[in-house]
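# Notes for the structure review
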Amino acid sequence: RTLPNMKSFSSFNAALFAIASIQYASAFTPSKLFSPRPLVLNVAATGSTTAFSLDEYLLSKKGPIEKALEASVKSRIPQTEKICEAMGYSLMAGGKRIRPVLCIAACEMFGGSQEAAMPTAVALEMIH
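Not measured: the values here are computed from a predicted model.

### Remarks on the overall build of the protein
What the protein contains, in helices and strands, is six helices and two strands. The linear arrangement of helices and strands in the protein, starting from the amino end, is α-α-β-β-α-α-α-α. A total of 128 residues make up the protein; the buried ones form 18% of that total. Residue pairs at least 24 apart in sequence account for 51% of intrachain contacts in the protein once pairs closer than 6 positions are excluded.

### Things to note about the packing of helix H3 (residues 54–72) against helix H5 (residues 98–109)
Helices that pack against each other are described as a pair by the angle of their axes relative to one another and the distance between those axes. H5 packs onto H3 with a crossing angle of 105° between their chain directions and a minimal axis gap of 10 Å. With respect to their mutual orientation, H3 and H5 come out roughly perpendicular. In contact with Tyr 57, Leu 58, Lys 61 and Ile 65 of H3, H5 contributes Ile 98, Pro 100, Val 101, Ile 104, Ala 105 and Glu 108.

### Observations concerning the confidence of the model for the protein
Looking at the protein as a whole, the pLDDT averages 77, with 63% of positions reaching at least 70. In the model of the protein, helix H2 (residues 30–33) stands out as the element of lowest mean pLDDT, 48, in contrast to H5, which has the highest, 96. pLDDT under 50 marks residues 31–35. Its contacts with residues more than four places away, or in other chains, come to six contacts.

### Some words on unusual backbone geometry
Among all residues save glycine, negative phi is the norm, and among peptide bonds the norm is trans. In the Ramachandran plot, Arg 97 falls in the positive-phi region, its phi being about 60° despite a non-glycine side chain. Relative to the assigned elements, Arg 97 resides in the loop between helix H4 (81–91) and H5. Using a relative accessible area of 3% as the deciding quantity, one classes Arg 97 as buried.

Rules of the game
- Residues numbered from 1 in each chain as written.
- Predicted model: local features only at pLDDT ≥ 70, side-chain atom pairs only at ≥ 80, totals over all residues.
- Heavy atoms only, no water.
- Helix = DSSP H or I, 4+ residues; strand = E, 2+ residues; numbered from the N terminus.
- Buried < 20%, exposed > 50% of the residue type's maximum accessible area, 1.4 Å probe, protein only.
- Contact = heavy atoms within 4.5 Å.
- Axes fitted to C-alpha atoms, helices over the stretch in contact; angles between N-to-C directions.
- Parallel < 35°, antiparallel > 145°, perpendicular 65-115°, else oblique.
- pLDDT = per-residue confidence, 0-100.

Printed below as a string of structure tokens:
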């Protein structure tokens, strides 16, 4: 196996640094990706319209997801208290919780409930 020459390696590192230094965290918030006005869905068969706000949907799901995440790492026996505490520290560090929200939305889209999707949604967030 050969190493790349230093000139191309330095360019590669410079490119990675430039990409990594972009303020990406705020760039992916819903208000940046979507217009602030609600999405209006026209249902041709019924002639009705439905307003949908992604921000409101995300916020409505975040609370129940946080509650389920907290419940999932509760120690039930003394021998697991320390590991559950460590898992909780990592898991409850915050975030947008997009993965579990998408899981719940997919379940609801096909007629399922939030309660039915929650164990899978929590597992997705834990794996992430």
